[in-house]
Amino acid sequence: MKCLLVYGTLSGSTMTAAELAAAELRTAGHEVDVIGVEEASREKLASYGALIVASPSWEDQGKDGQPLPEVRKFLETVTSEDLKDKKVALMGLGDTSYPHYCGAIDIMEEMLKKISVTPIVTSLRVDRYYSLRENEDNVKTWAAGLGKSLAS
Ligand SMILES: Cc1cc2nc3c(=O)[nH]c(=O)nc-3n(C[C@H](O)[C@H](O)[C@H](O)COP(=O)(O)O)c2cc1C
């Protein structure tokens, strides 16, 4: 399946995790384009069968556990019509030392729910991507599962 993976990042780990997930999906036979959220638009979705959105959780407007503002803005523009017949999945990077661990996932799931979209697999939540060695395996395992769901 042709997939668009849109990531937001401040310090780079979500981009690295997104590329890792994309490589795993390609191994599973999917075609994946990875773009930064600054390049994303709802018009770009038309030629894809799946959308994967990846965001870290950060503080925004005084609240912790938020998606990056650019990711929020992108998702705010997407309509149920844009995602009709498309498969959607979410990747979140965070840190369990923060009170609202991977809160961006909860917010992005809520935003999708408002347009009647449910992710096809359990959203990925990654704790301290760079400091925990097993996280690369966690991302690969999640992407392998997503790859299977996209194929079925
Ligand atoms: C100022 C700041 C605020 C953060 N807030 C949260 C948070 O509320 N919840 C969470 O799970 N992680 C939080 N994190 C952790 C980041 O989401 C995590 O380090 C992530 O891997 C960063 O991704 P990036 O490198 O793609 O920007 C925060 C990190 C910083 C530096």
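Counting restarts for each chain, with residues numbered from 1 along the sequence as it is written. The predicted origin of the model limits local features to residues at a pLDDT of at least 70 and limits the giving and counting of side-chain atom pairs to 80 or more, whereas totals for whole chains, interfaces and linings rest on all residues. Excluding hydrogens and water, the side-chain values take into account all heavy atoms of the structure.

(A) Main features of the site of the ligand. Any residue with at least one heavy atom within 4 Å of a molecule or strand is counted as near it. The local shell around the ligand holds 18 residues, among which Thr9, Ser11, Ser13, Thr14 and Ser57 are the closest. Pairing of N or O atoms within 3.5 Å defines a polar contact, subject to two protein rules: one partner must be a possible hydrogen donor and the other a possible acceptor, and residues neighboring in sequence count only if both atoms are side-chain atoms. Between the ligand and leucine 10 there is a distance of 2.8 Å, counted from an oxygen atom to a backbone nitrogen or oxygen. For the ligand, a nitrogen atom lies 3.0 Å from a polar atom in the backbone of histidine 100. In these tables, accessible area is a Shrake-Rupley quantity obtained with a 1.4 Å probe, and a residue counts as shielded only by the protein chains included in the view. For the ligand, the protein covers 83% of the area, taking 650 Å² as the surface of the free molecule. Those elements that provide at least two residues to the shell around the ligand are helix H1 (13-27), strand E5 (63-66) and strand E6 (87-94). Residues are sorted three ways: Asp, Glu, Lys and Arg are charged, Ala, Val, Leu, Ile, Met, Phe, Trp, Tyr, Cys and Pro are nonpolar, and all the rest, Gly among them, are polar. Grouping the amino acids of the shell around the ligand by side-chain chemistry returns seven nonpolar, nine polar and two charged. Segments assigned H or I by DSSP are reported as helices when at least four residues long, segments assigned E as strands when at least two residues long, and all are numbered from the N terminus.

(B) Structural detail: the packing of aromatic side chains. Pairing of aromatic rings covers Phe, Tyr and Trp, the last through its six-membered ring, and needs centres within 6.5 Å; plane angles under 30 degrees mean stacked, over 60 mean edge-to-face, and all others mean tilted. Inspection of the entire model under this criterion finds one aromatic pair. Aromatic pair tyrosine 129 and tyrosine 130: ring centres 5.5 Å apart, planes at 75 degrees, arrangement edge-to-face. Only protein chains enter the accessibility calculation, which uses a 1.4 Å probe; a residue is then buried when its area is under 20% of its type maximum, exposed when over 50%, and partly exposed in between. On the basis of relative accessible area, tyrosine 129 is assigned to the buried category, the value being 6%. Looking at tyrosine 130, the relative accessible area reads 58%, which means it is exposed. Should the NZ of a Lys or the CZ of an Arg lie within 6 Å of a ring centre and within 35 degrees of the ring normal, that charge is described as sitting over the ring. The ring of tyrosine 48 has lysine 2 lying over it, and the distance from NZ or CZ to the ring centre is 4.6 Å.

(C) Layout of the pattern of salt bridges. Take a side-chain nitrogen of Lys or Arg and a carboxyl oxygen of Asp or Glu: if they are within 4 Å of each other, that pair is a salt bridge. Taken as a whole and assessed by the stated rule, the structure comprises four salt bridges. The residue aspartate 95 makes a salt bridge to arginine 128 at a minimum N-O spacing of 3.8 Å. Of the two residues, aspartate 95 is situated in the loop between E6 and helix H3 (103-114) and arginine 128 in the loop between strand E7 (124-127) and helix H4 (135-151); the sequence distance between them amounts to 33 residues. Here arginine 128 falls in the partly exposed class, since its relative accessible area comes to 34%. As a salt-bridge pair, arginine 125 and aspartate 106 come within 3.0 Å of each other at their nearest N and O atoms. A residue pair is termed long-range when its members are at least 10 positions apart, and arginine 125 in strand E7 and aspartate 106 in helix H3 qualify at 19 residues. Owing to a relative accessible area of 35%, arginine 125 belongs among the partly exposed residues under this scheme. Judged by relative accessible area, which is 31%, aspartate 106 ranks as partly exposed.

(D) Quick peek at H3. A helix is expected to span 1.5 Å for every residue after the first. Taking 1.5 Å per residue, 12 residues should reach 16 Å; H3 reaches 17 Å between its end C-alpha atoms and fits that length. Only heavy atoms matter for contacts: two residues are in contact if any of them lie within 4.5 Å across the pair. Elements that come into contact with the buried residues of H3 comprise strand E3 (50-56), E5, helix H2 (69-77), E6 and E7.

(E) A look at the packing of H1 against H4. In this analysis, axes come from line fits to C-alpha atoms, helices being fitted only over the stretch in contact, and the angle between any two N-to-C directions falls in the range 0 to 180 degrees. At a minimum axis separation of 8 Å, H1 and H4 run at an interaxial angle of 45 degrees. Overall, the two elements H1 and H4 adopt an arrangement that is oblique. Considering how the two elements wind past one another, H1 and H4 form a crossing that is right-handed. Of H4, the residues touching H1 (which contributes Ala17, Leu20, Ala21, Glu24 and Leu25) are Glu136, Val139, Lys140, Ala143, Ala144, Leu146, Gly147 and Leu150. Across the contact of H1 with H4, the residue classes tally to nine nonpolar, one polar and three charged. The cut-offs work like this: below 35 degrees is roughly parallel, past 145 is roughly antiparallel, 65 to 115 is roughly perpendicular, and the gaps in between are oblique. Crossing handedness follows the turn of the near helix against the far one: under a right angle anticlockwise gives a left-handed crossing, and clockwise gives a right-handed one.

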